Amino acid sequence: MNLGIDSIKLDTPELGEDNFRFSPAPFYPFTDIENINRCRAITKEDILNMKGRHPTSPAMSVEVLTGDEFEIAMVADMVRRIVESDLENKKVVMICPNPSPTYRKVAYMLNELKVNCRNVKFYMMDEWADEDGNIAPLSYRAGFGNAFYRFMVSQIADLGFREENFIYHSNTTTPVFSKMLEDDGEADIVYSGPGWPGHLAFIDPVEDWFKPTMEEYLEQGAKVARLHPLTIAQNSMHGCFGFSGDIAKVPPMGAMMGPRDAMKAKEVLDMHGISTCGTKVTWQRLTSRLSIFGKPTQEVPASVLQLRDKPTRVIMSENAIETITPDYLFQY
């Protein structure tokens, strides 16, 4: 029986994708298709031609760094600020995410330089919580506070760092987390980078955060909230959960800073360069474009950084800026 396949030129590019249209899966948090299409179409050349200037946000710069430079950018920034806090005898307040290997390098350099860390105060950006909202203890091996303690705090204990200046999320600290930042004069620097659903810290596009207006949204402080399924899927690929997509190992909720903490910080260093074990494969390429160049919206929490009126330095890797193009040979 002739099914008519012979009459279809399956390799013709003009068939394209326009002959089969559909709506994204209902769990997908980004619903503005026009915004998605516009951001998807931003090419590598478009980003390079910006020459560091953000098209709409005067306080935001966009840099592209090579592999080696990208890796050390956050290390260099942290070390510089901590050295200055010693030399100038001034407090420095940092909100830190969980790139554990980065902290090993920072601690090593601080020890080699014999920098006194008496003036340093670390706030953990986020932490895991169970289905009832109980925040993981510091002893939880896959916890962000646990990793930061092992790779940073314990390594600079002989450099004058005081453990009371290590503020990690817990059932007692999270309710007063934003007030503590306020009392400290707000963060000098927030180190961030978007997750797959566009989260800023663990601030996901879920009902726990949505507000009627952007002003109300940005006023929210730290709290415990549900995580988006994409956040859980993303983290199931991380080493502390076995690199294996083991979603059952990933806690369903998190404790995190609030949008107000990012908006009030004196500076933000926003990193865009996560890939799958160093390959060209990355879930971040579209999410980064939505966060940096898309319409600021609660659907993409990291996009609100465009609304800051204080210095916001965005760093993208060469892999992150690659033009988004289908590969029908590689497939998956």
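See the structure above.
Here is a short report on the structure shown in this document.

Strands in a sheet are paired, the pairing made by backbone hydrogen bonds, and the direction either parallel or antiparallel. Strand order in the open sheet made by the 3 strands is β4-β8-β7, with antiparallel pairing throughout. Whereas interior strands pair on both sides, the edge strands pair on one side only; in this sheet they are β4 (126-129) and β7 (223-226). Looking at each pair of strands side by side, their axes are set apart by 30 degrees on average, direction ignored. Relative to strand β8 (residues 253-256), β7 runs antiparallel, the two being bridged by 4 bridges. Opposite alanine 225, over in β8, you have glycine 254 as the bridge partner.

Another aspect to go through is the pattern of salt bridges. All chains considered together, the criterion is met by 20 salt bridges. Between lysine 179 and aspartate 183 there is a salt bridge, with its nearest N and O atoms 2.8 Å apart. Of the two residues, lysine 179 and aspartate 183 are both situated in helix α6 (residues 177-183); the distance of 4 residues between them amounts to about one turn of the helix. The class for lysine 179 is partly exposed, based on a relative accessible area of 46%. One salt-bridge network, in which partners are shared between bridges, spans Asp77, Arg80, Arg81, Glu84 and Glu267.

Here the focus is unusual backbone geometry. In this structure, lysine 51 is a non-glycine residue whose phi angle is positive, near 50 degrees. Mapped onto the elements of the fold, lysine 51 is located in the loop between α2 (44-49) and β1 (60-65). Overall, the relative accessible area of 63% leaves lysine 51 in the exposed class. Even without being glycine, phenylalanine 243 reaches a positive phi, approximately 60 degrees.

Next up on the list: the sheet that holds β1. Strand order in the open sheet made by the 7 strands is β1-β10-β9-β6-β2-β3-β5, with parallel pairing throughout. Of all the strands in the sheet, just β1 and β5 (166-167) have a single pairing partner and so form its edges. Here strand β6 (residues 189-192) runs beside strand β9 (residues 268-272); their pairing, made up of 3 bridges, is parallel. Counted as the bridge partner of valine 190 is valine 268 from β9.

Calculation notes
- Residues numbered from 1 in each chain as written.
- Predicted model: local features only at pLDDT ≥ 70, side-chain atom pairs only at ≥ 80, totals over all residues.
- Heavy atoms only, no water.
- Pairing = 2+ DSSP bridges.
- Helix = DSSP H or I, 4+ residues; strand = E, 2+ residues; numbered from the N terminus.
- Axes fitted to C-alpha atoms, helices over the stretch in contact; angles between N-to-C directions.
- Salt bridge = Lys/Arg side-chain N within 4 Å of Asp/Glu carboxyl O.
- Buried < 20%, exposed > 50% of the residue type's maximum accessible area, 1.4 Å probe, protein only.

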